[in-house]
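What follows is the residue order along each chain.
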Amino acid sequence: MTLIQGLCKFLLSLMLFALLFTGCDNHKKESHSLAYDGGYLLLDSNIFNMVSVELSHVRTPRSYWQKGFEHVKALGANTIMVRIPWMMHEPRPGYYCFEEECDIRAFCELAADNGLLVWLHVGPYVDKYMDFGGIPWWLLKESSVEPRTLHPLFMRYVGRYFRALAGQLNDMQLKYGGPIALINIEEVFGSGRDVKKYLSALCDTLRAVGFDETQFTVSTTEKDILRVPNCALPAVVVGEDNI
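Conventions used here
Residues numbered from 1 in each chain as written. Predicted model: local features only at pLDDT ≥ 70, side-chain atom pairs only at ≥ 80, totals over all residues. Heavy atoms only, no water. Helix = DSSP H or I, 4+ residues; strand = E, 2+ residues; numbered from the N terminus. Buried < 20%, exposed > 50% of the residue type's maximum accessible area, 1.4 Å probe, protein only. Contact = heavy atoms within 4.5 Å. Areas by Shrake-Rupley, 256 points an atom, 1.4 Å probe, with all protein chains shown as cover. Salt bridge = Lys/Arg side-chain N within 4 Å of Asp/Glu carboxyl O. Pairing = 2+ DSSP bridges. Right-handed = clockwise from strand over helix to strand, strands pointing away. Axes fitted to C-alpha atoms, helices over the stretch in contact; angles between N-to-C directions. Phe/Tyr/Trp six-rings, centres within 6.5 Å; stacked < 30°, edge-to-face > 60°. Left-handed = near helix turned anticlockwise from the far one by under 90°. Nonpolar A, V, L, I, M, F, W, Y, C, P; charged D, E, K, R; others polar. Polar contact = N/O pair within 3.5 Å; in protein donor to acceptor, adjacent residues only side chain to side chain.

Q: Please explain the overall build of the protein chain as it appears in this structure.
A: Along the protein chain, the regular secondary structure elements total 6 helices and 9 strands. Taking all 243 residues of the protein chain together, 46% fall into the buried category. Contacts in the protein chain between residues at least 24 apart in sequence constitute 71% of all its contacts with a sequence separation of at least 6. For the protein chain, the accessible area works out to roughly 13000 Å², and carbon and sulfur atoms hold 56% of it.

Q: Can you walk me through the pattern of salt bridges in this structure?
A: Should the charged atoms of two oppositely charged side chains come close, the side chains can pair. Tallied over the entire structure, the rule returns 10 salt bridges. Two residues, Asp127 and Arg59, come together in a salt bridge whose shortest N-O distance is 3.9 Å. Of this pair, Asp127 sits in the loop between strand S6 (117-123) and helix H5 (152-169) while Arg59 sits in the loop between strand S4 (52-54) and helix H2 (65-74), and the two are 68 residues apart along the sequence. Between Glu187 and Arg83 there is a salt bridge whose closest N-O contact spans 3.4 Å. With Glu187 in strand S7 (residues 180-189) and Arg83 in strand S5 (residues 79-83), this residue pair connects regions lying 104 residues apart in the sequence. For Glu187, a relative accessible area of 11% corresponds to the buried category. If you follow the salt bridges from partner to partner, you end up with Glu54, Arg59, Arg83, Asp127 and Glu187 in one network.

Q: Help me understand the pairing of S6 in this model?
A: The side chains of a regular strand alternate between both faces of the sheet. The element S6 is largely enclosed, with a buried count of 7 among its 7 residues. Pairing between S5 and S6: 5 bridges, direction parallel. Looking across to S6, one finds that Val82 is bridged to Leu120. Across 5 bridges, S6 lies against S7 in parallel orientation. Residue Gly123 lies in a different strand from S7, and its bridge partner there is Ile185. Note that the unit made of S6, H5 and S7 has a crossover that is right-handed.

Q: Hey, could you run me through the sheet that holds strand S1 (residues 34-36) in this one?
A: Working definition: the strands of a sheet are paired by backbone hydrogen bonds and lie parallel or antiparallel to each other. Across the sheet, 3 strands lie side by side as S1-S2-S3; this open sheet has antiparallel pairing. The open sheet is flanked by S1 and strand S3 (46-48), the only strands paired with a single partner. Sheet twist, expressed as the average angle between the axes of neighbouring strands with direction ignored, equals 45°. Pairing between strand S2 (residues 41-43) and S3: 3 bridges, direction antiparallel. Across the sheet, Leu43 pairs through a bridge with Asn46, a residue of S3.

Q: What is the right way to look at the packing of aromatic side chains in this model?
A: How two aromatic rings sit relative to each other is given by the distance of their centres and the angle of their planes. Scanning all chains against the criterion turns up 7 aromatic pairs. Taking 5.2 Å as the distance between ring centres and 90° as the angle between the ring planes, the aromatic pair formed by Trp65 and Phe107 counts as edge-to-face. You can see Trp65 sitting in helix H2 and its partner Phe107 sitting in helix H4 (residues 104-113), a full 42 residues away along the chain. Overall, the relative accessible area of 0% leaves Phe107 in the buried class. Consider the rings of Trp86 and Phe154, whose centres lie 6.2 Å apart with planes at 50°: the pair is tilted. Of this pair, Trp86 sits in helix H3 (residues 86-89) while Phe154 sits in helix H5, and the two are 68 residues apart along the sequence.

Q: Looking at this structure, how should I read the packing of H5 against helix H6 (residues 195-208)?
A: Each packed pair of helices is defined by two parameters, the angle between the axes and the distance between the axes. For the pair H5 and H6, the least separation of the axes is 10 Å and the interaxial angle reads 35°. With respect to the hand of their crossing, H5 and H6 are arranged in right-handed fashion. Two secondary-structure elements touch here, H5 through Phe154, Met155, Val158, Gly159 and Phe162 and H6 through Tyr198, Ala201, Leu202, Thr205 and Leu206. Classifying every residue of the contact of H5 with H6 gives 8 nonpolar, 2 polar and no charged.

Q: Explain the environment of Glu187 here, please?
A: Considered as a pair, Glu187 and Val122 are 65 residues apart in the sequence and their alpha carbons are 9.8 Å apart. One polar contact links Glu187 to Arg83, side chain to side chain, over a distance of 3.4 Å.

Q: Where do I start with the environment of Asn170 in this structure?
A: With respect to the secondary-structure elements, Asn170 resides in the loop between H5 and S7. On the basis of relative accessible area, Asn170 is assigned to the buried category, the value being 19%. Taking the C-alpha atoms as reference points, Asn170 and Ile180, separated by 10 residues in sequence, lie 9.0 Å from one another. Those residues in contact with Asn170 that sit more than four places away from it in its chain are Tyr176, Val209, Gly210 and Phe211.

Keep in mind these numbers describe shape, not what the thing actually does.
So this is what it looks like as structure tokens:
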């Protein structure tokens, strides 16, 4: 091989690398934003009518997820609401499960492939129809823990769990081009001591681990709870359920 041939091959390699790099750059996921102006949801500054349907990743066999998304689309929905039961993803202290039906990342990726946004319900209490609202049973072994309060040990466990979730889902938020548009904290939370402080602390904890998209909580008809400090979207009144 002559020097000129070698130089030509080198230059050709550089050109191919540049083309590949440019192609990858052009296919970067586009960033989006969801905001609340006091009356409407705004997707990229445009009024957005969110139509959501709930689909459970842990109660639906993984092989049926795609069919579920197809049914959701057929109903005219544009968003999937999914509850993430803490007890399923941390079945014992410090052990996290994100495989098979618990693979919440794969669930969100498939939702995005079907053109759906994701409304993520992280709890820690996610559903009154689940044992302990989805909070792990092993927390009850800690006699000093006071669930759903600002108790330091409970908040430490919550922070650790949220950090594990963030490791799976942080880069799937709208601002990174992912489908996660809303992050829901708590469920049917009534009045009581330090309620506002607790809900605000959950928002702060989520932000600390990187979940910084719009957050909001579903509450009861207790009007005084609706103005929760540090939460981008006020709580939504959902009937008269209480805990």
